[in-house]
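The primary structure of each chain is shown beneath.
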Amino acid sequence: MSTAALNVRPRHAFSAESGSSRRPTGVKLSSTGRLSGTAGGIGMMIIGHLGRETMRLVNHMALLSAYTVDLLSYLVRRPKVGRSLVRRIALEQIYFTAVQALWTLIPVALIIGSAFIVQFTKLSGQYELGNIVVLLIVRESGPAITALLIILRSATAVTIETSYMKIFHEIDALEMSGMDPVWIICVPRLIGITSAILGLFIIFDIIAIIGGYAVVWMFSYLPIGGFLHQIAKAVTLTEIAVGLIKAGCFGIIITVISTYYGLNVEKKITEIPIATSIAAVEGFFFCLIANILISALFYL
Amino acid sequence: MALIEMSDYALPAIGIHRPLQPFDFSLAPNDVCRVDADTAEDAQAFIRAVATLFHPVSGTYRYRARRLNFGDYRAMLPIKKEIGYIGPHAALICNRSLRDNLIMMRSYFENTLVPTLDEETAELCHHFRLTGKLGLRPVDLELADIRAAIAVRELCKNPAVLLVENPEDYIGYANLAQLVKQMNNVIGKGRPVVYTCGHEDLVRTAATRTLSIKNGMLRA
């Protein structure tokens, strides 16, 4: 996707730039007798607002989809130039996103794992404890919490970095050197973040289950005998496949949204925090949607 | 045949400054053009337009008789690569060392991660007093060093056309003589150069044409 095309940002009709003179007054249909006066005006404004918001959303989704297809097409086309550079940047991204995040992920996984195990042990005794833990940690909360951590640590950094590069002409500098910025900035991050999420998913699940079990065993007298055996029985090939699919989808969603908003800033440095905030919230929201859709597809 | 032909070329307005009037411009292989404008903004806008850094509002840009499509940035990359631009709009990649910045093009096009500079780049780094600073990142460098590194990178591209914005202000007096020497080397190779320069004694003698911009209107 063209970096130029990324600049096509739909403008909200009620934004400061558009000015109040463009607001619909809502009294144009008064001659029909159906909508007249203030009530009709407000009704028209609401309808107009909803219409514009819908169009803006559709446009946004179309741009995001086009950018996603363009980004993924690099993995198929694999341009001959720049491969070693892409490999190097992807490895650096895996280091930043996976290795450096371990010191945050491990305590979070331990806390969540032990809290879940304590609560479910109290709730159900030993009955179906392994199944419940797999259901909630491995299938649902594990992926969501890992995605949230990646978004907080890495996706925000990627948005800030790419928007900084855009504002301070570094993207222009790459283009003036004949280098494709999407190929050497966005694709390595796609590979790096997706690989990192995959690794962190597995680590989160293992730490949450085994670490949580160890913590509960050491610090409480709750009955959790046979817990690991139940877990081993509950984890099937489907759980592993679903984990892999979720990791891939989350990696794509997080990278697409963070780089899209990063490359979408124009010329003001004040746009960077806004873009970062929107990218983080939107990235997490789309990850949750994907999480639900994939779970529904496999388990309903 | 002209190397660059811009016809009925209109630029967008930047900030509160009025844009240049639509203009026609052509650059032949041996041209050395000095841009003389009544405002610095007009001169900069013109140089950046030639550098393809602005998307035009209307008009056509032909490079070696091939019309450029500004909507397809991938198709523009081989052309942009042939244009050397030394000016405030150019930048280094800030999270890479100076050495990485200077070898990045070679890494990209030759698919290699060998961290050694080629002979020409090393020589230019020596002339611009950058040899001892190659391991540093741009944030650790003085502005003059960053600009000297940009000049080295652009000159090492072996550009088909060189565009320079106010070299005396841009690179500073410590490296100015070296930059002028390198510009003259490019001119000596028969490659076109377009530059703005407020310093009367500088490269003006090399200019074969003077482009005048008055009140936003370009006259060849």
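A short tour of the structure in this document, coming up. (Residues numbered from 1 in each chain as written. Chains lettered and ligands numbered in written order. Predicted model: local features only at pLDDT ≥ 70, side-chain atom pairs only at ≥ 80, totals over all residues. Heavy atoms only, no water.)

1. Remarks on the overall build of chain A
Step number 1: Assigned secondary structure in chain A consists of nine helices and zero strands.
Step number 2: Across chain A, helices and strands are ordered from the amino to the carboxyl terminus as α-α-α-α-α-α-α-α-α.
Step number 3: Among the 300 residues that make up chain A, the fraction classed as buried is 46%.
Step number 4: A sequence separation of at least 24 residues applies to 83% of the contacts in chain A between residues at least 6 apart.
Step number 5: As displayed, chain A has an accessible area near 14600 Å², and 72% of this comes from carbon and sulfur atoms. (Helix = DSSP H or I, 4+ residues; strand = E, 2+ residues; numbered from the N terminus. Buried < 20%, exposed > 50% of the residue type's maximum accessible area, 1.4 Å probe, protein only. Contact = heavy atoms within 4.5 Å. Areas by Shrake-Rupley, 256 points an atom, 1.4 Å probe, with all protein chains shown as cover.)

2. A word on the environment of A:Lys267
All names here are of chain A.
Step number 1: Turning to its location among the elements, Lys267 is positioned in the loop between α8 (237-264) and α9 (271-299).
Step number 2: In this structure, the C-alpha to C-alpha distance between Lys267 and Ile167, residues 100 residues apart in sequence, is 5.3 Å.
Step number 3: Excluding its chain neighbours within four sequence positions, the residues that come into contact with Lys267 are Ile167 and His169.

3. What about the nonpolar core?
Step number 1: A:Leu71, A:Val133, A:Leu174, A:Ile184, A:Ile197, A:Phe204 and A:Ile254 are the most contacted members of the largest nonpolar core, which totals 73 residues.
Step number 2: The element that contributes the greatest number of residues to this core is helix α6 (residues 181-219) of chain A, accounting for 16 residues.
Step number 3: Grouped together as the second largest cluster of nonpolar side chains are 69 residues, B:Leu20, B:Ala45, B:Ile47 and B:Leu162 included. (Core = buried A, V, L, I, M, F, W, Y, C linked by side-chain atoms within 4.5 Å.)

4. What about the interface of chain B and chain A?
Step number 1: Taken together, the contact pairs 31 residues of chain B with 35 residues of chain A.
Step number 2: Summed over both partners, the interface of chain B with chain A comes to about 2700 Å²; 58% of that surface belongs to carbon and sulfur atoms.
Step number 3: If you look at where chain B meets chain A, you find five salt bridges.
Step number 4: With a shortest N-O distance of 3.4 Å, A:Glu175 and B:Lys80 are connected by a salt bridge.
Step number 5: On the surface where chain B and chain A come into contact, there are 19 residue pairs in polar contact (both at pLDDT 80 or more).
Step number 6: For the side of chain B that touches chain A, the secondary-structure elements that each account for two or more residues are α2 (73-81), β6 (83-86) and α3 (98-110) of chain B.
Step number 7: The greatest single-element share of the side of chain B that touches chain A, amounting to six residues, is contributed by α3(B).
Step number 8: Across the side of chain B that touches chain A, the residue classes break down as 16 nonpolar, eight polar and seven charged. (Buried area = accessible area lost by both parts, 1.4 Å probe. Salt bridge = Lys/Arg side-chain N within 4 Å of Asp/Glu carboxyl O. Polar contact = N/O pair within 3.5 Å; in protein donor to acceptor, adjacent residues only side chain to side chain. Nonpolar A, V, L, I, M, F, W, Y, C, P; charged D, E, K, R; others polar.)

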